[in-house]
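Here's the letter readout for the chains.
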Amino acid sequence: METDCTRSEAPVDNAPMSPMGPTGGPLAALPAGTRLLHIGPHKTGTTAIQGALFAAKDKLPEHGVEFPATSRHPMEAALAACARPAMMGDTVPTEKHWTRLLKQVEATGSRTSVISSEFFADAPDDETVARIVEQLGGDRVHVLVTLRPIARIMPSQWQQYVQNGLRMGYEEWLDHMLRKAPYEKPNPSFWRRHRHDRLVERWIRAVGADRITVVVADDRDRDNLMRTFEALLGLPENLLRPVPDAANRSLTLAETEMLRKLNVEFRGNGLPDELYSKLVRNGAVMHMKNTCSPTAEDVKISTPDWAVEAAGRIGAEMVERIGAMGVRVIGDASLLSAIPKQREPAPGLAATEARIAPEVAAQALYGALAAAAAAPVRHTAEAKARTVHQTSSKELVRVLGHRCLKKLRRR
């Protein structure tokens, strides 16, 4: 049977609802001149909000609001502000990125502005958080945190880590994150981002509880997050609209496993990180996402019951602690401790039978080749004047890979 690279999305049954404040009344706008800082964290609808804000950038000023960044997501600026490294092989962010964003924010004057990056959730300590707040405007800063249940975040975050070079399988990764104290390997950023009660607590120490709003995203009504941002910014309803972004979709189980095994080979042969960034993440993976959407037959990443239950318990702890902090919570906080119903695989298809379609593999391969031909990659001199028999097999693979790239660029 032939497989194409298309999928039709099922319609959403839930009608959009206007956001409500904690007391049940309409959600009031923040004071004019507020600098709304949306810190994510990751996998909580950040990309959708950033895309909608950037698409409406030219319409916002007539409503007294500015989106000061010159791109959808000022990732480099946020990484520089938090002194965090770039993604594997990407250009290292510098203080210039952060300074440029600060100047753009300052240029908004007394108008309301909104800055959004999930990487602000990676701020490593109280000193960094306090500095970010002070540089963005001190008392004018209002922090917005968007949250989703941990059980829904885990599979999405794992496949994102795989896109940045992770070689560990999902169940082993879950075992490390949930069972092996201090729960920091292989990704120490996970709980810094997603122990949400501690995240909120860190930012409370910088701005106070009265200048933090927590929004619980509801997957049953995805538009509600847009409406909440509109209400907080004093914007007309439906000004913010979702922007299609195939590149932001999560990978299927088969796609992720293909990439994870490629990561094993990549690291095992000692290839340079810059090669990974250009050819794998921004070549093969990006092209595959843009050209192929999952079908009903694709196996999704499934979280084992023990991990879902553990995530529910952690979510309940977080809900209780956040509730006692005095911050404004918009949405149903009980969703953060709810145990989501697992999706059943397609009839006759077990999770162990996940196979990547030839068309998807071909698109990934083409993406890597196109990236190799289009973008030169710098390499250090690895091979000395030695015979083939004096060179290890791993180094031979590395050298041959470099030579193939040079030939592609010449062509």
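Conventions we followed
Residues numbered from 1 in each chain as written. Predicted model: local features only at pLDDT ≥ 70, side-chain atom pairs only at ≥ 80, totals over all residues. Heavy atoms only, no water. Helix = DSSP H or I, 4+ residues; strand = E, 2+ residues; numbered from the N terminus. Areas by Shrake-Rupley, 256 points an atom, 1.4 Å probe, with all protein chains shown as cover. Polar contact = N/O pair within 3.5 Å; in protein donor to acceptor, adjacent residues only side chain to side chain. pLDDT = per-residue confidence, 0-100. Contact = heavy atoms within 4.5 Å. Axes fitted to C-alpha atoms, helices over the stretch in contact; angles between N-to-C directions. Parallel < 35°, antiparallel > 145°, perpendicular 65-115°, else oblique. Left-handed = near helix turned anticlockwise from the far one by under 90°. Nonpolar A, V, L, I, M, F, W, Y, C, P; charged D, E, K, R; others polar. Buried < 20%, exposed > 50% of the residue type's maximum accessible area, 1.4 Å probe, protein only. Pairing = 2+ DSSP bridges.

A count of helices and strands for the protein gives 14 helices and six strands. Put simply, the protein shows about 20600 Å² of open surface, and 53% of that area lies on carbon and sulfur atoms.

Along the chain, Lys289 turns up in helix H11 (residues 273-291). One polar contact links Lys289 to Gln163, side chain to side chain, over a distance of 2.9 Å.

Regions with low pLDDT should not have their predicted coordinates read in detail. Confidence along the protein averages 85 in pLDDT terms, with 82% of residues attaining 70 or more. Below pLDDT 50 for its whole length, residues 346-351 participates in eight contacts with residues either more than four positions away or in separate chains. Within the model, the stretch residues 379-393 combines pLDDT values under 50 with 13 contacts to residues more than four positions away or in other chains.

This part takes up the packing of helix H4 (residues 126-136) against helix H8 (residues 196-207). Packing of H4 against H8 brings their axes to within 9 Å, and their N-to-C directions diverge by 50 degrees. Considered as vectors, H4 and H8 are oriented oblique to each other. The two elements H4 and H8 cross, and the hand of that crossing is right-handed. Of the residues in H8, those in contact with Asp126, Val129, Ala130, Ile132 and Val133 of H4 are Arg202, Trp203, Arg205, Ala206 and Val207. Residues belonging to the contact of H4 with H8 are distributed by class as follows: seven nonpolar, no polar and three charged.

As a further point, take the pairing of strand E5 (residues 212-216). Burial of E5 is extensive: five of the five residues sit out of reach of the surface. Judged by which residues are buried, E5 turns out to be covered on both faces: Ile212, Val214 and Val216 on one side and Thr213 and Val215 on the other are all buried. Note: strand E4 (residues 141-147) against E5, five bridges, orientation parallel. In the sheet register, Leu144 faces E5, and the bridge partner there is Thr213. Judged from the three bridges that link them, E5 and strand E6 (residues 328-330) form a sheet pairing that is parallel. Considered in E6, the bridge of Thr213 is made with Arg328.

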